[in-house]
Amino acid sequence: MAISARFVDGPCLGNILRQLHMPVLSNISLEIRGHADGVDEIIDGMCSAMTRCPNLREFTLDTTAVAHKLQYRFGVLGMFINRLSFLEKVTFRGAGLYDVRGILEPPLWHLFHFEGAASGDMASIRSFVTLASRGPKLKLRICKWVQFKEISALRELLGGRLEYEAG
(Lines give C-alpha, C1' and ligand atoms only; values in the text may rest on other atoms or scores of the structure.)
Protein backbone atom coordinates (compact mmCIF):
# COMPACT_ATOMS: atom_id res chain seq x y z
CA MET A 1 0.00 0.00 0.00
CA ALA A 2 1.35 3.42 -0.90
CA ILE A 3 0.01 6.73 0.36
CA SER A 4 1.15 10.02 -1.08
CA ALA A 5 0.12 13.13 0.83
CA ARG A 6 0.28 16.42 -1.09
CA PHE A 7 -1.23 19.69 0.10
CA VAL A 8 -3.36 17.93 2.66
CA ASP A 9 -4.95 18.67 5.98
CA GLY A 10 -2.75 16.57 8.25
CA PRO A 11 -5.11 16.35 11.23
CA CYS A 12 -7.95 15.15 8.94
CA LEU A 13 -5.81 12.52 7.18
CA GLY A 14 -4.32 11.50 10.51
CA ASN A 15 -7.80 10.86 11.90
CA ILE A 16 -8.74 8.81 8.83
CA LEU A 17 -5.59 6.73 9.17
CA ARG A 18 -6.27 6.13 12.88
CA GLN A 19 -9.55 4.44 11.88
CA LEU A 20 -8.02 1.99 9.41
CA HIS A 21 -7.91 -1.69 10.21
CA MET A 22 -5.73 -3.57 7.71
CA PRO A 23 -4.99 -7.09 8.99
CA VAL A 24 -3.44 -8.48 5.77
CA LEU A 25 -1.21 -5.51 4.96
CA SER A 26 2.50 -6.45 4.86
CA ASN A 27 4.17 -3.19 3.76
CA ILE A 28 3.38 0.51 3.68
CA SER A 29 5.02 3.41 1.93
CA LEU A 30 4.11 6.95 3.00
CA GLU A 31 5.37 9.83 0.87
CA ILE A 32 4.75 13.39 1.98
CA ARG A 33 5.10 15.89 -0.86
CA GLY A 34 4.72 19.60 -1.34
CA HIS A 35 3.29 21.36 1.67
CA ALA A 36 1.23 19.39 4.13
CA ASP A 37 -0.15 20.98 7.26
CA GLY A 38 0.06 18.80 10.33
CA VAL A 39 2.66 16.32 9.07
CA ASP A 40 3.12 14.98 12.60
CA GLU A 41 -0.59 14.08 12.72
CA ILE A 42 -0.29 12.18 9.43
CA ILE A 43 2.65 10.17 10.74
CA ASP A 44 0.98 9.58 14.11
CA GLY A 45 -2.18 8.37 12.34
CA MET A 46 -0.13 6.00 10.19
CA CYS A 47 1.64 4.64 13.28
CA SER A 48 -1.74 4.06 14.94
CA ALA A 49 -3.04 2.21 11.88
CA MET A 50 0.11 0.10 11.66
CA THR A 51 -0.22 -1.17 15.22
CA ARG A 52 -3.39 -2.96 14.04
CA CYS A 53 -1.62 -4.71 11.15
CA PRO A 54 -0.29 -8.04 12.49
CA ASN A 55 1.33 -8.96 9.14
CA LEU A 56 3.09 -5.64 8.62
CA ARG A 57 6.86 -6.07 8.20
CA GLU A 58 8.11 -3.17 6.03
CA PHE A 59 7.62 0.58 6.17
CA THR A 60 9.02 3.46 4.11
CA LEU A 61 8.63 7.13 5.02
CA ASP A 62 9.74 9.62 2.37
CA THR A 63 9.82 13.33 3.22
CA THR A 64 12.41 14.35 0.62
CA ALA A 65 9.84 16.34 -1.39
CA VAL A 66 8.43 18.34 1.54
CA ALA A 67 8.43 22.06 0.80
CA HIS A 68 10.58 23.99 3.26
CA LYS A 69 11.89 20.70 4.61
CA LEU A 70 14.49 22.37 6.79
CA GLN A 71 11.66 23.77 8.94
CA TYR A 72 10.30 20.31 9.66
CA ARG A 73 11.70 18.23 12.52
CA PHE A 74 9.55 15.14 12.73
CA GLY A 75 11.55 13.05 15.17
CA VAL A 76 9.69 9.90 14.14
CA LEU A 77 12.55 7.46 14.61
CA GLY A 78 11.76 7.48 18.32
CA MET A 79 8.05 7.05 17.59
CA PHE A 80 8.79 4.07 15.35
CA ILE A 81 11.07 2.40 17.89
CA ASN A 82 8.59 2.86 20.73
CA ARG A 83 5.45 1.87 18.81
CA LEU A 84 6.60 -0.22 15.85
CA SER A 85 9.55 -2.23 17.11
CA PHE A 86 8.03 -5.36 15.48
CA LEU A 87 8.85 -4.17 11.93
CA GLU A 88 11.64 -5.92 10.05
CA LYS A 89 12.62 -3.31 7.45
CA VAL A 90 12.34 0.43 7.98
CA THR A 91 13.41 3.01 5.40
CA PHE A 92 13.54 6.76 6.03
CA ARG A 93 14.21 9.16 3.17
CA GLY A 94 14.69 12.76 4.18
CA ALA A 95 15.99 14.96 6.95
CA GLY A 96 14.68 15.72 10.40
CA LEU A 97 13.34 12.22 11.09
CA TYR A 98 15.83 10.94 13.59
CA ASP A 99 15.15 12.33 17.07
CA VAL A 100 15.73 9.50 19.55
CA ARG A 101 15.15 11.04 22.99
CA GLY A 102 13.52 8.76 25.53
CA ILE A 103 14.34 5.46 23.81
CA LEU A 104 15.50 2.76 26.18
CA GLU A 105 15.15 -0.52 24.29
CA PRO A 106 16.47 -1.34 20.82
CA PRO A 107 13.96 -2.33 18.14
CA LEU A 108 13.75 -5.84 16.73
CA TRP A 109 14.32 -4.49 13.21
CA HIS A 110 16.43 -6.53 10.81
CA LEU A 111 17.20 -3.63 8.45
CA PHE A 112 17.16 0.12 8.97
CA HIS A 113 17.82 2.04 5.76
CA PHE A 114 18.19 5.79 5.59
CA GLU A 115 19.08 8.21 2.86
CA GLY A 116 19.09 11.95 2.48
CA ALA A 117 19.63 12.68 6.16
CA ALA A 118 20.96 16.13 7.00
CA SER A 119 24.31 16.50 8.73
CA GLY A 120 22.41 17.74 11.81
CA ASP A 121 20.72 14.33 12.04
CA MET A 122 23.98 12.44 12.47
CA ALA A 123 24.19 12.76 16.26
CA SER A 124 20.70 11.23 16.62
CA ILE A 125 21.50 8.49 14.11
CA ARG A 126 24.70 7.66 15.97
CA SER A 127 22.77 7.53 19.28
CA PHE A 128 20.24 5.19 17.69
CA VAL A 129 22.94 2.96 16.22
CA THR A 130 24.71 2.79 19.59
CA LEU A 131 21.48 1.54 21.17
CA ALA A 132 20.42 -0.67 18.25
CA SER A 133 23.82 -2.30 17.82
CA ARG A 134 23.01 -4.42 20.88
CA GLY A 135 20.44 -6.24 18.73
CA PRO A 136 22.37 -8.85 16.72
CA LYS A 137 19.94 -8.87 13.77
CA LEU A 138 20.02 -5.17 12.91
CA LYS A 139 21.76 -4.12 9.70
CA LEU A 140 22.13 -0.45 8.84
CA ARG A 141 22.07 0.66 5.20
CA ILE A 142 23.14 4.17 4.30
CA CYS A 143 22.49 5.64 0.89
CA LYS A 144 23.77 8.94 -0.51
CA TRP A 145 25.86 9.83 2.51
CA VAL A 146 28.90 11.94 1.79
CA GLN A 147 30.87 12.29 5.04
CA PHE A 148 33.33 9.43 5.25
CA LYS A 149 34.26 10.15 8.89
CA GLU A 150 30.65 9.44 9.92
CA ILE A 151 30.65 6.16 8.01
CA SER A 152 33.84 5.15 9.80
CA ALA A 153 32.29 5.85 13.21
CA LEU A 154 29.17 3.83 12.32
CA ARG A 155 31.27 1.00 10.93
CA GLU A 156 33.12 0.87 14.25
CA LEU A 157 29.82 0.33 16.06
CA LEU A 158 28.29 -2.17 13.62
CA GLY A 159 31.21 -3.85 11.92
CA GLY A 160 29.96 -5.97 9.02
CA ARG A 161 26.36 -4.99 9.66
CA LEU A 162 26.80 -1.61 7.92
CA GLU A 163 26.00 -1.37 4.20
CA TYR A 164 26.95 1.77 2.34
CA GLU A 165 25.59 2.70 -1.08
CA ALA A 166 27.60 5.51 -2.65
CA GLY A 167 25.72 8.43 -4.24
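See above for the structure.
Okay, so let's go over this structure. (Residues numbered from 1 in each chain as written. Predicted model: local features only at pLDDT ≥ 70, side-chain atom pairs only at ≥ 80, totals over all residues. Heavy atoms only, no water.)

## Considering the overall build of the protein
The cut-off we apply is this: Only runs of H or I of at least four residues qualify as helices and only runs of E of at least two qualify as strands under DSSP, and these elements are numbered from the N terminus. Throughout, exposure labels follow a simple rule: accessible area from a 1.4 Å probe, protein chains only, divided by the maximum for the residue type, with under 20% read as buried, over 50% as exposed, and the rest as partly exposed. The Shrake-Rupley method, run with a 1.4 Å probe sphere, supplies the accessible areas, and residue values consider only the shown protein chains as cover.
Secondary structure assignment for the protein yields 5 helices and 7 strands. For the protein, with 167 residues in total, the buried portion stands at 48%. By element, 53% of the accessible surface of the protein is carried by carbon and sulfur atoms, the whole surface being about 8100 Å².

## What about the packing of aromatic side chains?
Test applied: The criterion for an aromatic pair is that two Phe, Tyr or Trp rings (for Trp, the six-membered ring) have centres within 6.5 Å, with stacked assigned to planes under 30 degrees apart, edge-to-face to planes over 60 apart and tilted to the rest.
Taken as a whole and assessed by the stated rule, the structure comprises 7 aromatic pairs. For the pair Phe112 and Phe114, a centre-to-centre distance of 5.9 Å together with 35° between the ring planes defines the contact as tilted. Both residues of the pair, Phe112 and Phe114, count as buried. Taken together, a centroid distance of 5.0 Å and an interplanar angle of 75° make the contact between Phe112 and Phe128 edge-to-face. Here the residue Phe112 occupies a position in strand E5 (residues 111-115), and Phe128 occupies one in helix H4 (residues 122-132), the gap between them amounting to 16 residues. For the pair Phe112 and Phe128, a shared accessibility class is recorded, and that class is buried.

## What to know about the pattern of salt bridges
Put simply, the rule is: Every case where a carboxyl oxygen of Asp or Glu lies within 4 Å of a side-chain nitrogen of Lys or Arg is listed as a salt bridge.
Under the counting rule described, the total for this entry stands at 4 salt bridges. Of the charged contacts in the structure, one is a salt bridge between Arg93 and Glu115, with a shortest N-O distance of 3.4 Å. With Arg93 in strand E4 (residues 89-93) and Glu115 in strand E5, this residue pair connects regions lying 22 residues apart in the sequence. In this structure, Glu163 engages Lys139 in a salt bridge whose closest nitrogen and oxygen atoms are separated by 2.8 Å. Here Glu163 is found in strand E7 (residues 162-165), whereas its partner Lys139 is found in strand E6 (residues 139-143), with 24 residues between them in sequence. Residue Glu163 is classed as partly exposed on the basis of its relative accessible area of 23%.

## Quick look at the nonpolar core
Across soluble globular proteins, nonpolar side chains show a tendency to be buried alongside one another. This is how the line gets drawn: We define the nonpolar core as a collection of buried residues of types Ala, Val, Leu, Ile, Met, Phe, Trp, Tyr and Cys that are connected through side-chain atoms lying within 4.5 Å of one another. Should any heavy atoms of two residues lie within 4.5 Å, those residues are considered in contact.
Counting residues in each nonpolar core, the largest one holds 47 residues, and the members touching the most others are Phe80, Phe92, Trp109 and Phe112. Dropping the residues within four chain positions of it, Phe92 is found in contact with Leu61, Val76, Leu77, Phe80, Leu97, Tyr98, Phe112, His113, Phe114 and Glu115.

## Some remarks on the environment of Glu88
The residue Glu88 is located in the loop between helix H3 (76-83) and E4 in this model. In this structure Glu88 comes out as partly exposed when scored by relative accessible area, which is 34%. In this structure Glu88 touches Arg57, Trp109, His110 and Leu111, once residues within four positions along its chain are discounted.

## Let's talk about the pairing of E4
Stated formally: Here the rule is simple: two strands pair whenever DSSP picks up at least two bridges between them.
For strand E3 (residues 58-66) and E4, the ladder comprises 5 bridges, and the chain directions are parallel. Bridging across to E4, Asp62 finds its partner in Arg93. Pairing between E4 and E5: 5 bridges, direction parallel. Its bridge partner being in E5, Lys89 is matched across the sheet by Leu111.

## Regarding the side chain of Thr60
Relative to the helices and strands, Thr60 is located in strand E3. Classification of Thr60 by relative accessible area gives buried; the value is 16%. When residues no more than four places from it in sequence are discounted, the contact partners of Thr60 are Ile28, Ser29, Leu30, Thr91 and Arg93.

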